[in-house]
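Chain and residue survey
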Amino acid sequence: MSQSPVERSRSPFNPGYGRQPLVFGGHEQEIDELTRVFSTLDFGENHSILIAGLRGAGKTSMLTLLQNAATDAGWLVISDDASSGLMDRVMETTIPALLNGLDPATKARLTSVGLWKFSASWEYQDRHREVKPLLRNDLVALSRAIDNRGILITIDEVSSGRVRLRELAKFALQVSHALTDGANIMIAFAGIRIDLDELLKQEHATFLRRSRDLTFERLDPHATMAVLRDTAAVGGRQISPEALRRLAEIAQGYPYLIQLVGDYAWRARSDAPTIEIEDAEVAFEKAIKAVMSRVISKVYLDLSDKDREFVKAMTLALVDGRAKMSRIVALMGESDQYVQVYKRRLIDTGYVQRAGHGFVSFTLPYLDQYIRSLVYDDPRDDRRPADSWADFPAPQL
């Protein structure tokens, strides 16, 4: 059945934060194994998952995919981020909201547990007073009340602040106790690699050291073109071979940019049956401007002053996409041992990768071009911008 022009005009690409793409490129086997747990309860190694990757690499979208699949299978879903107060939010806000969504028979079973109190209309009223309410008790009670169907917990934006890491480790410890007590739980943490590694070093994070590890990186050219082509097909349109190649060149396998450039190309002429090369060129300018502003500049601001010195020197030393470490050392004017410290840290963070003996390269497309724009002043920047208020000067006070 063919789609109407209105249906076809709706973009199937999802560049918004955390939105699940209609076509998820890469990790097909892992997605199949993880989502199968929701129907089989055969966890294997999948009780805890660590999802690592750079900004826009697809971590949050992966969490959304898991949440949707778990909900469809009848699981309860607890979703939050790693900001301060996680434990209190889950116990005092998220779990009560889940309780209100349960059927009366389930709430009756929960009442017999003695942890929560409901009104005559079965609305959550209050927590029964305990000496010290524990998350593990809440999770076990919930799991038993829903006949152990399962509870998915997703925690996004793990950061390496000491206070937050300690709270996350305590949260994970409570979950591990609930698992020991028989609750069916899958928990997934998402963040940048170096922050997840810091979490694993915490005193109470032994449970997480046995987690399944998923790393989100750039897709290869074949997978990139497949995501673009198949997503457009979902919306009822084709992409010409020339446009498809151009869009892949622009996206460089970066998941967020794939969705972004696909969306702009789609909207360039949304009523046309095929996305052509001219649509890809329209998307190029818009997508690069957007990704520079929304992602690349934020990544650069995340870096310390010394990290910035390294990546600036690395950018100046780039030849055919990679930089020689000896050249970076010379440009920074520091000892080799000193520079190696920042190299290792940037590799651990995920922004830089080894590219052969004595060489490094950037993992995030366009980061080098953004840095180059900072290193080399554009003479056009000295031009005075047009001022619509020039003929209306402010009065002197």
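Residues numbered from 1 in each chain as written. Predicted model: local features only at pLDDT ≥ 70, side-chain atom pairs only at ≥ 80, totals over all residues. Heavy atoms only, no water.

Digging into the overall build of the protein chain
Threshold: A run of H or I in DSSP counts as a helix once it spans at least four residues, and a run of E counts as a strand once it spans at least two, with each numbered from the N terminus. To sort residues, take the accessible area from a 1.4 Å probe on protein chains only and compare it with the maximum for the residue type: under 20% means buried, over 50% means exposed, and anything in between is partly exposed. For the purpose of counting charges, residues Lys and Arg are taken to be positive, whereas Asp and Glu are taken to be negative. His and the chain ends are not included. Here the site of a charge means atom NZ of a Lys, CZ of an Arg, CG of an Asp or CD of a Glu.
Across its full length, the protein chain holds 16 helices and 13 strands. In terms of overall dimensions, the protein chain has C-alpha extents of about 75 × 65 × 65 Å along its principal axes. Buried residues in the protein chain amount to 49% of all 397 residues. Charged side chains of the protein chain number 50 positive and 54 negative; the gap between the two group centres comes to 3 Å.

Side note on the pairing of strand E13 (residues 359-362)
Rules: At least two bridges found by DSSP between two strands are what make those strands a pair.
By the alternation rule, side chains of E13 split into Phe359 and Ser361 and Val360 and Phe362, which are all buried. Strand direction decides the pairing type here: strand E11 (residues 322-324) and E13, joined by two bridges, are antiparallel. Residue pairing across strands places Lys324 opposite Phe359, the latter belonging to E13. Alignment of strand E12 (residues 352-354) against E13, held across three bridges, turns out to be antiparallel. Looking at the pairing, Arg354 lines up with Val360 of E13. Connecting the antiparallel pair E12 and E13 is a turn made up of four residues, with Gly356 showing a positive phi of about 105 degrees.

A short note on the packing of aromatic side chains
The description of an aromatic ring pair rests on the distance of the ring centres and on the angle between the ring planes. What counts here: Any Phe, Tyr or Trp ring, taking Trp's six-membered ring, that has another such ring centre within 6.5 Å forms a pair; planes under 30 degrees apart are called stacked, those over 60 apart edge-to-face, and the others tilted. A positively charged side chain is recorded as over a ring if its NZ (Lys) or CZ (Arg) lies within 6 Å of the ring centre. The angle to the ring normal must also be within 35 degrees.
Going through the model one piece at a time under the given rule, you end up with seven aromatic pairs. Ring geometry for Phe24 against Phe216: centres 6.2 Å apart, planes inclined by 85 degrees, an arrangement best described as edge-to-face. Note that Phe24 is positioned in the loop between helix H1 (5-9) and helix H2 (28-40) and Phe216 in strand E7 (residues 212-216), a separation of 192 residues in sequence. Relative to Tyr370, the ring of Tyr300 lies with its centre 5.8 Å away and its plane at 65 degrees, an arrangement referred to as edge-to-face. In this pair, Tyr300 sits in helix H12 (residues 277-302) while Tyr370 sits in helix H16 (residues 367-375), placing the two residues 70 residues apart along the sequence. Taken together through their ring pairs, the aromatic side chains of Phe38, Phe43 and Trp75 make up a single cluster. When the ring centre of Phe284 is taken as origin, the NZ or CZ atom of Arg246, which lies over that ring, is 5.0 Å away.

Comments concerning the side chain of Asp307
Stated formally: Whenever two N or O atoms come within 3.5 Å, that pair is a polar contact, provided that in protein one can donate a hydrogen and the other can accept it, and provided that, for residues adjacent in sequence, both atoms are side-chain atoms.
Along the polypeptide, Asp307 turns up in helix H13 (residues 305-317). A polar contact is formed between the side chain of Asp307 and the side chain of Arg345, at a distance of 3.0 Å.

Describing the packing of helix H7 (residues 162-180) against helix H8 (residues 193-200)
As a reminder of what qualifies: All axes here are fitted lines through C-alpha atoms, helices being fitted over the stretch that makes contact, and every angle between N-to-C directions spans 0 to 180 degrees. Angular relationships are summarised with four words: roughly parallel below 35 degrees, roughly antiparallel beyond 145, roughly perpendicular across 65 to 115, and oblique for the angles in between. Put simply, a crossing is left-handed when the front helix is turned counterclockwise from the back one by less than a right angle, and right-handed when it is turned clockwise. Contact definition: two residues touch when any of their heavy atoms are within 4.5 Å.
Remark: H7 packs on H8, axes separated minimally by 9 Å, with the N-to-C direction vectors making an angle of 60 degrees. The angle between H7 and H8 places the two elements in the oblique class. Crossing of H7 over H8 shows right-handed handedness. Across from Leu165, Leu168 and Ala169 in H7, the residues of H8 making contact are Asp195, Glu198 and Leu199.

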